[in-house]
Amino acid sequence: MEFSVVQRFACSPETYWNRSRGPEFEAAVAKEAEALVEALPSRQDGARLIERSRVTLLQPLTAVAQKAMGVERFTYIQEVETIDANFTTRWSIVPDVMKDRITIKGDTHVRGAQGGCERVIRGSIEVRIALVGGTIERGIAERVQRGYTRAEPVIRRFVEGT
C-alpha cells in the first residue's frame, strides 16, 4: 500500500530544513504524534550516515493487528538517511516483530512552493500476512497519516516561528 502526505509551510525550503532539526524539535513532534522516541547510535553504510531511533507508538494497534502480530503496540527501529543537498530524507522502519513480513519505507522531500515550501512524504507499507495483511496495512497507514497531521502545528511553530 502506497501513501503520501503533503504539508505546506510559509517559509523557504532552507528555513524549513534548518529549523526542523535537533532534540527539542524531535521531542515536540514525537509527543504530538503520540510516540516515544529514543535516539540510538547512528550507523555508517559506506559514505552514508544512517540515524537510528527506537519508536513506540502509544496508541494500541487494532484488535486484528494485535492478534496477528502478537503485540499491543507497534514498536520499531526507524533509520533515516539525510541528504542535505536536496532537502531529502530516505527512511525505513524495521518492526520489532515480524521483520520478515512487514516492510515500511519511503522518503520525505522539502521543495519550494508558492508562498513557501511543501514537505512531501511518500511511503509504502507491505504486510505479508495471509487474510489480514491489507487490513493491517490500512491501520498502520491511518496511524502514520494521523501522526503527521497531529504533528503539523508543532512543526509549523518551529519552522514558521508562529
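Everything numeric in this text was worked out from a predicted model, so none of it was measured. (Residues numbered from 1 in each chain as written. Predicted model: local features only at pLDDT ≥ 70, side-chain atom pairs only at ≥ 80, totals over all residues. Heavy atoms only, no water.)

Participant: Can you walk me through the sheet that holds strand β6 (residues 102–113) in this structure?
Facilitator: Paired through their backbone hydrogen bonds, the strands of a sheet run either parallel or antiparallel. The seven strands are arranged β1-β7-β6-β5-β4-β3-β2 in an open sheet whose pairing can be described as antiparallel. In the strand order of this sheet, the two ends are held by β1 (2–9) and β2 (35–45), each with one partner. Mean inter-strand twist for the sheet, computed between neighbouring axes without regard to direction, equals 20°. Here β2 runs beside strand β3 (residues 48–57); their pairing, made up of nine bridges, is antiparallel. Within the sheet, the bridge partner assigned to Val 37 lies in β3 and is Val 55. (Pairing = 2+ DSSP bridges. Helix = DSSP H or I, 4+ residues; strand = E, 2+ residues; numbered from the N terminus. Axes fitted to C-alpha atoms, helices over the stretch in contact; angles between N-to-C directions.)

Participant: Sorry if this is basic, but what is going on with the pairing of strand β5 (residues 88–95) here?
Facilitator: Pairing analysis gives eight bridges linking strand β4 (residues 75–83) to β5, with the strands arranged antiparallel. Following the sheet pairing, Tyr 76 is matched in β5 by Pro 95. In sequence, β4 turns back onto β5 through a hairpin of four residues, with Phe 87 there showing a positive phi of about 55°. Relative to β6, β5 runs antiparallel, the two sharing six bridges.

Participant: Help me understand unusual backbone geometry in this model?
Facilitator: The phi torsion of most residues other than glycine is negative, and most of the peptide bonds are trans. With a phi angle near 55°, Phe 87 is a residue other than glycine that sits in the positive phi range. Residue classification places Phe 87 among the buried residues on the basis of a relative accessible area of 17%. (Buried < 20%, exposed > 50% of the residue type's maximum accessible area, 1.4 Å probe, protein only.)

Participant: I keep staring at the packing of aromatic side chains and nothing clicks. Help me out?
Facilitator: We describe a pair of aromatic rings using the distance from one ring centre to the other and the angle between the two ring planes. Under the definition given, this model contains five aromatic pairs. Judged by centre distance (5.2 Å) and plane angle (90°), the rings of Phe 25 and Phe 158 are edge-to-face. Placement of the pair is Phe 25 in helix α2 (residues 23–32) and Phe 158 in helix α4 (residues 133–160), with a sequence separation of 133 residues. When the ring centre of Trp 17 is taken as reference, the NZ or CZ atom of Arg 21 above it lies at 3.8 Å. (Phe/Tyr/Trp six-rings, centres within 6.5 Å; stacked < 30°, edge-to-face > 60°. Lys NZ or Arg CZ within 6 Å of the ring centre and 35° of its normal.)

Participant: How should I be thinking about the pattern of salt bridges in this particular structure?
Facilitator: Think of it this way: side chains of opposite charge can pair up when their charged atoms draw near. Applying the stated criterion across every chain yields a total of 15 salt bridges. One salt bridge in this structure joins Glu 118 and Arg 8, with 2.8 Å as the shortest N-O distance. Pair noted here: Glu 118 is in strand β7 (residues 116–127) and Arg 8 is in strand β1, with a separation of 110 residues, a long-range link. According to the relative accessible area criterion, Arg 8 is partly exposed, its value standing at 42%. Arg 150 is the salt-bridge partner of Glu 34, the closest N and O atoms lying 3.8 Å from each other. Of the two residues, Glu 34 sits in the loop between α2 and β2 while Arg 150 sits in helix α4, which places them 116 residues apart along the sequence. (Salt bridge = Lys/Arg side-chain N within 4 Å of Asp/Glu carboxyl O.)

Participant: Would you mind showing me how to read α2 here?
Facilitator: For the α-helix, the turn length of 3.6 residues means that residues three or four positions removed from each other point alike. For α2, the set of buried residues is Phe 25, Ala 28, Val 29 and Ala 30. Buried positions along α2 lie against α1 (13–19), β2 and α4. Phi turns positive one or two residues past the end of α2, at Glu 34, with a value near 60°. (Contact = heavy atoms within 4.5 Å.)

Participant: Sorry if this is basic, but what is going on with the side chain of Glu 137 here?
Facilitator: On the secondary structure map, Glu 137 appears in helix α4. No salt bridge is formed by the buried Glu 137; the nearest opposite charge belongs to Arg 138, separated by 6.1 Å. In contact with Glu 137, other than residues within four places in its own chain, are Met 1, Ile 125, Glu 126 and Val 127. (Lys, Arg positive; Asp, Glu negative; His and termini not counted.)

Participant: Sorry if this is basic, but what is going on with the environment of Gly 112 here?
Facilitator: Relative to the helices and strands, Gly 112 is located in strand β6. Separated by 36 residues in sequence, Gly 112 and Tyr 148 have C-alpha atoms that sit 19 Å apart. With residues up to four places along the chain from it excluded, the contact list for Gly 112 reads Pro 13 and Cys 117.

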